[in-house]
Amino acid sequence: MTRNGDRPDLLVVGGGVIGLSVARDVARRGLRVTVLDRDEPGRGASWAAAGMLSPLAEAHASRPFLEFGLASLRMYGDWVRELESEVGESVEYRECGKLLLAFTRSGSARLDEQERLARRYSVSASRAEPEWLRREDPDLARSVRGALLVEEDYRVDNRLLVRALEGGARRARVEIRAGTAVREIRIQGDRALGVILEDGSSLDAGTILVAAGAWSGRLEGLSRTVPIRPVRGQMLSLAPEQLPSRRMLEAEEGYLVPRDDGRLLVGGTMEEVGFRPGNTVRGIRELLESAIHLVPSLESAPIVDFWSGFRPASIDGHPILGPDPEVRDLFVATGHYRNGILLAPLTARTMGAVITGETEASLPPEFLPSRLLAHEGSGGAS
Ligand code: FAD
Ligand code: GLY
């Protein structure tokens, strides 16, 4: 990639956890990078998330996903420590573990499946006996039929993380432009030249990266639509007198994630409602019922706040990572669905290497945009 006047070597569309992580990585490899976000960076799904780093929980037993997720988890500690020392702020990364709880027969079957996966992928996990559970976390519901303690499940404060990533990117000389909405990727022949903004002006760049989360499929000009749809997730937070556990808690109907300030996050609904924003009575009820089911004493906990966000989901549930198969100088990093916070470090490292031409081999073939040519016309943004 060559330098050319004021033109950035890489222009990133979208300043969420994925756009910022890749931008920082590429800038640290010596390229000139600009990030464009139509709002404040880090206010999309990356802000709405719970910050669980749980490769097994939502992996649906897909081997490439599990391997990528575990590799990303295992580099998390070093990645955040470097970031924290760069910006001088904590991102509240905690190797706290998670208790997977079963209340029903299908819940127990899920524990068996998670235990099997943990064993196969050498993830530290063991069955928790009822007496141990009652001693450890006495506020848990008595109706728990079984529990799996997944020690290798961690958490991070995703809002602190995106703020630190923004700071780290700026320190690496990334230019970040908030309030700059991209309308179209400008393509001539088989080459991406830059972007056209909503105000009609255009920006040139050596390379473009589409990292606009759930909105990636809405960008005009892509030769084939990036087939991404939004899946709304509602969340709320409570301020119990005492946290029910120092670990994360999860059952079939939802999860509870502690924060160091004593709040307890309750998540998350899964709703196919297009880009309809906000919280609903049904969503809040679902979250509260699930919290009380797991920990009955939460009934009296004050509600602090509630919010929602859009997970970027691809047709096959895998991220879309790598070069566009038809347009040169165009790359995609999206579709991280329920796990973008977890997958950010490895996404940044592999995409950084691919964009700077160091390697292509490290991307799983199941994640490459080229796989989606076969799905053309069968999905897309709603
Ligand atoms: P986003 O964070 O949505 O960023 C996209 C950015 O692109 C936004 O800032 C937006 O303003 C910008 N943009 C959009 N269109 C344009 C345009 N035209 N021009 C310029 N900018 C544009 N993951 C986990 O790993 N662990 C969790 O516990 C977890 N919990 C979750 C809970 C909920 C309720 C939700 C909604 C998600 C959760 N996720 C979790 C998933 C995770 O949040 C996402 O996978 C991840 O944040 C996606 O990051 P992103 O950068 O691709 O998208
Ligand atoms: N990973 C948690 C969620 O998507 O709700």
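Before reading further, recall that the structure is shown in the block above.
These notes cover the structure that comes with them. (Residues numbered from 1 in each chain as written. Chains lettered and ligands numbered in written order. Predicted model: local features only at pLDDT ≥ 70, side-chain atom pairs only at ≥ 80, totals over all residues. Heavy atoms only, no water.)

Some thoughts on the pattern of salt bridges
The tally for this structure, following the rule as stated, stands at 30 salt bridges. Its salt-bridge partner being Glu89, residue Arg163 comes within 3.7 Å of it at the nearest N-O pair. Linking Arg163 in helix 6 (residues 158-171) with Glu89 in the loop between helix 3 (63-87) and strand 4 (98-102), this pair joins segments that are 74 residues apart in sequence. A salt bridge links Asp204 to Arg186, with the nearest nitrogen and oxygen atoms 2.4 Å apart. Here Asp204, found in strand 11 (residues 202-204), pairs with Arg186, found in strand 9 (residues 182-188); they are 18 residues apart in sequence, far enough to count as distant. (Salt bridge = Lys/Arg side-chain N within 4 Å of Asp/Glu carboxyl O. Helix = DSSP H or I, 4+ residues; strand = E, 2+ residues; numbered from the N terminus.)

Regarding the sheet that holds strand 16 (residues 264-267)
As summarised here, the arrangement of the eight strands in space is 5-6-4-14-15-16-13-17, forming an open sheet in which the pairing is mixed. Edge strands, defined here as strands with exactly one partner in the open sheet, are strand 5 (125-128) and strand 17 (303-314). Each adjacent strand pair in this sheet contributes to an overall mean axis angle of 20 degrees, direction not counted. Pairing geometry for strand 4 and strand 14 (residues 248-251), over three bridges, is parallel. Residue pairing in the sheet places Leu99 in a bridge with Leu249 of strand 14. Helix 7 (residues 281-294) rests against strand 4, strand 13 (228-238), strand 14, strand 15 (254-258), strand 16 and strand 17 of the sheet, and its axis sits at about 55 degrees to strand 13. (Pairing = 2+ DSSP bridges. Axes fitted to C-alpha atoms, helices over the stretch in contact; angles between N-to-C directions. Contact = heavy atoms within 4.5 Å.)

Quick word on the packing of helix 3 against helix 6
The angle between the axes and the distance between the axes are what describe a pair of packed helices. Direction vectors running N to C along helix 3 and helix 6 enclose 65 degrees, while the axes themselves pass 9 Å from each other. Of the two elements, helix 3 crosses helix 6, and the hand of that crossing is left-handed. Touching Tyr76, Trp79, Val80, Leu83, Glu86 and Val87 of helix 3 are Leu161, Ala164, Leu165, Gly167, Gly168 and Arg171, all from helix 6. For the contact of helix 3 with helix 6, the class distribution of residues is eight nonpolar, two polar and two charged. (Left-handed = near helix turned anticlockwise from the far one by under 90°. Nonpolar A, V, L, I, M, F, W, Y, C, P; charged D, E, K, R; others polar.)

Looking at the site of ligand 2
Every residue near ligand 2 is listed here: Met52, Glu58, Tyr255, Arg311 and Arg338. One of the side-chain nitrogen or oxygen atoms of Arg311 is found 2.7 Å away from an oxygen atom of ligand 2. In the complex, the protein chains occlude 88% of the 200 Å² of accessible area that ligand 2 would expose alone. (Near = heavy atom within 4 Å. Polar contact = N/O pair within 3.5 Å; in protein donor to acceptor, adjacent residues only side chain to side chain. Areas by Shrake-Rupley, 256 points an atom, 1.4 Å probe, with all protein chains shown as cover.)

What about the sheet that holds strand 2 (residues 33-36)?
Strand-to-strand pairing in sheets goes through backbone hydrogen bonds, with the strands running parallel or antiparallel. In spatial order, the strands read 8-2-1-12-19-18; together these six strands make up an open sheet with mixed pairing. The open sheet has two edge strands, strand 8 (175-177) and strand 18 (320-323), and neither has a second partner. Pairs of neighbouring strands in the sheet enclose a mean axial angle of 20 degrees, with direction left out of account. As paired strands, strand 18 and strand 19 (residues 330-334) are joined by four bridges and run antiparallel to one another. Looking at the pairing, Pro323 lines up with Phe331 of strand 19. Seen against the sheet, helix 8 (residues 340-355) touches strand 1 (10-13), strand 12 (207-210), strand 18 and strand 19 and runs at an angle of roughly 175 degrees to strand 19.

A look at helix 6
Helix length check: helix 6 (14 residues) gives 20 Å between terminal C-alpha atoms against 20 Å at 1.5 Å per residue, within 8%. Considered for burial, the residues of helix 6 that qualify are Asn158, Leu161, Val162, Ala164, Leu165, Glu166, Gly168 and Ala169. Capping the start of helix 6, Asp157 holds a side-chain oxygen 2.9 Å from the backbone nitrogen of Arg159, two or three residues further along. Positive phi appears at Arg173, one or two residues downstream of helix 6, with a value of about 75 degrees. (Expected span 1.5 Å × (residues − 1). Buried < 20%, exposed > 50% of the residue type's maximum accessible area, 1.4 Å probe, protein only.)

Description of the pairing of strand 4
Among the five residues in strand 4, five count as buried, and that is most of the element. Alternating positions in strand 4 separate into two faces, Lys98, Leu100 and Ala102 on one and Leu99 and Leu101 on the other, with burial throughout. Two elements, strand 4 and strand 6 (residues 146-150), share five bridges in a ladder whose sense is antiparallel. For Leu100, the partnering residue across the bridge sits in strand 6 and is Leu148.

Considerations on the nonpolar core
Judged by nonpolar contacts, the single largest core of 49 residues is most densely connected at Leu53, Tyr76, Leu161, Leu209 and Met351. Of all the secondary structure elements, the ones that give two or more residues to this core are strand 1, helix 1 (17-28), strand 2, helix 3, helix 6, strand 19 and helix 8. Here Leu209 is in contact with Leu10, Leu11, Val12, Val13, Val22, Phe331, Val332, Ala333, Met351 and Ile355, once residues within four sequence places are set aside. Counting residues in each nonpolar core, the second largest holds 24 residues, with Phe103, Leu236, Ala251 and Leu294 among its members. (Core = buried A, V, L, I, M, F, W, Y, C linked by side-chain atoms within 4.5 Å.)

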